[in-house]
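Structural characterization, general
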Amino acid sequence: MPSAFATLAAQAAAAAGFDSFTPDACLINRYVPSAKLSLHQDRDERDYSAPIVSVSLGVPAIFLFGGTKRNDKVHRVRVEHGDVVVWGGPARLSYHGVLPLADAQNPLTGPLRINLTFRKAL
Ligand code: MD6
Ligand code: FE
């Protein structure tokens, strides 16, 4: 991945208290209007001691963040262009998702939302 991406993810993780995060994967999701992401856990990585770093670009969205059980209370957080969310430690396996994307416009992405999630997959 571009070194600027890895550096951004490592610095965001450090600011959230996770030192020495060295991501080896970046998943890029593109959301069109009405697209959503159901509540899920990120469990495909081998090492849950590393956090997840999520960068939001484009149209704002409502990020859902719950607990480690599917039925735990879910918090709603508005994430805008440039916002970064980091979760790890006891929250690493927290359920999370995204509400259906509203119709909106961003100067750079038009109607789209782009999300990058950095992980240590291997
Ligand atoms: C988000 N994305 O778009 C959160 N999880 O704000 C995710 O939770 C996610 O984009 C697994 C794989 C790709 C993702
Ligand atoms: Fe996820």
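Each remark here, short or long, concerns the structure printed above.
Everything in this summary refers to the structure shown in the same document. Computed from a predicted structure; not experimentally measured.

This part takes up the coordination of the iron ion (ligand 2). On the protein side, the iron ion (ligand 2) has His-40 (NE2), Asp-42 (OD) and His-96 (NE2) as donor atoms, found 2.1 to 2.2 Å from it. Sequence spacing of the donors to the iron ion (ligand 2): H-x1-D-x53-H. Note that His-40 is positioned in strand S2 (residues 37-40) and His-96 in strand S7 (residues 96-98), a separation of 56 residues in sequence.

With 6 of its 7 residues buried, strand S3 (residues 52-58) lies for the most part within the structure. Pairing of S3 with strand S6 (residues 84-87), which is carried by 4 bridges, proceeds in the antiparallel orientation. Of the residues in S6, the one forming a bridge with Val-55 is Val-84.

This paragraph deals with the pattern of salt bridges. Tallying each qualifying case throughout the model produces 4 salt bridges. A salt bridge links Glu-45 to Arg-119; the shortest N-O distance between them is 2.6 Å. Remark: Arg-119 occurs in strand S8 (residues 113-119) and Glu-45 occurs in the loop between S2 and S3; sequence separation between them is 74 residues. Since its relative accessible area comes to 8%, Arg-119 is described here as buried. Between Glu-80 and Arg-78 there is a salt bridge, with the nearest N and O atoms lying 2.9 Å from each other.

Once that is clear, we can look at helix H1 (residues 3-15). Spanning 13 residues, H1 covers 18 Å between terminal C-alpha atoms, matching the ideal 18 Å at 1.5 Å per step. Turning to H1, its buried residues are Ala-9, Ala-12 and Ala-13. Projected down its long axis, H1 carries its buried residues within an arc of 100 degrees, all on one side. Pointing more than 90 degrees away from the buried face of H1 are the exposed residues Ser-3, Ala-4, Gln-11 and Ala-15. Buried positions along H1 lie against S3, S6 and S8. Positive phi appears at Gly-17, one or two residues downstream of H1, with a value of about 100 degrees.

This next bit is on the site of ligand 1. With respect to spatial proximity, 13 residues lie near ligand 1, and among them Asn-29, Tyr-31, His-40, His-96 and Arg-113 are the closest. A distance of 2.9 Å separates an oxygen atom of ligand 1 from a polar side-chain atom of Arg-113. A distance of 3.3 Å is found between an oxygen atom of ligand 1 and a side-chain nitrogen or oxygen belonging to Asn-115. Among the detected pockets, ligand 1 sits in the largest pocket. Contributing elements (two or more residues each) for the shell around ligand 1: strand S1 (25-31), S2, S7 and S8. Of the residues assigned to the shell around ligand 1, the class counts are 5 nonpolar, 5 polar and 3 charged.

Procedures and definitions
Residues numbered from 1 in each chain as written. Chains lettered and ligands numbered in written order. Predicted model: local features only at pLDDT ≥ 70, side-chain atom pairs only at ≥ 80, totals over all residues. Heavy atoms only, no water. Donors = N, O, S within 2.8 Å, 3.2 Å for Na, K, Ca; no water. Helix = DSSP H or I, 4+ residues; strand = E, 2+ residues; numbered from the N terminus. Buried < 20%, exposed > 50% of the residue type's maximum accessible area, 1.4 Å probe, protein only. Pairing = 2+ DSSP bridges. Salt bridge = Lys/Arg side-chain N within 4 Å of Asp/Glu carboxyl O. Expected span 1.5 Å × (residues − 1). Arc of directions from axis to C-beta. Contact = heavy atoms within 4.5 Å. Near = heavy atom within 4 Å. Polar contact = N/O pair within 3.5 Å; in protein donor to acceptor, adjacent residues only side chain to side chain. 1 Å grid on protein atoms, 1.4 Å probe; cavity = no way out; pocket = protein on both sides within 12 Å on 5 of 7 lines; lining within 4 Å. Sits in = over half its atoms within 2 Å of the grid points. Nonpolar A, V, L, I, M, F, W, Y, C, P; charged D, E, K, R; others polar.

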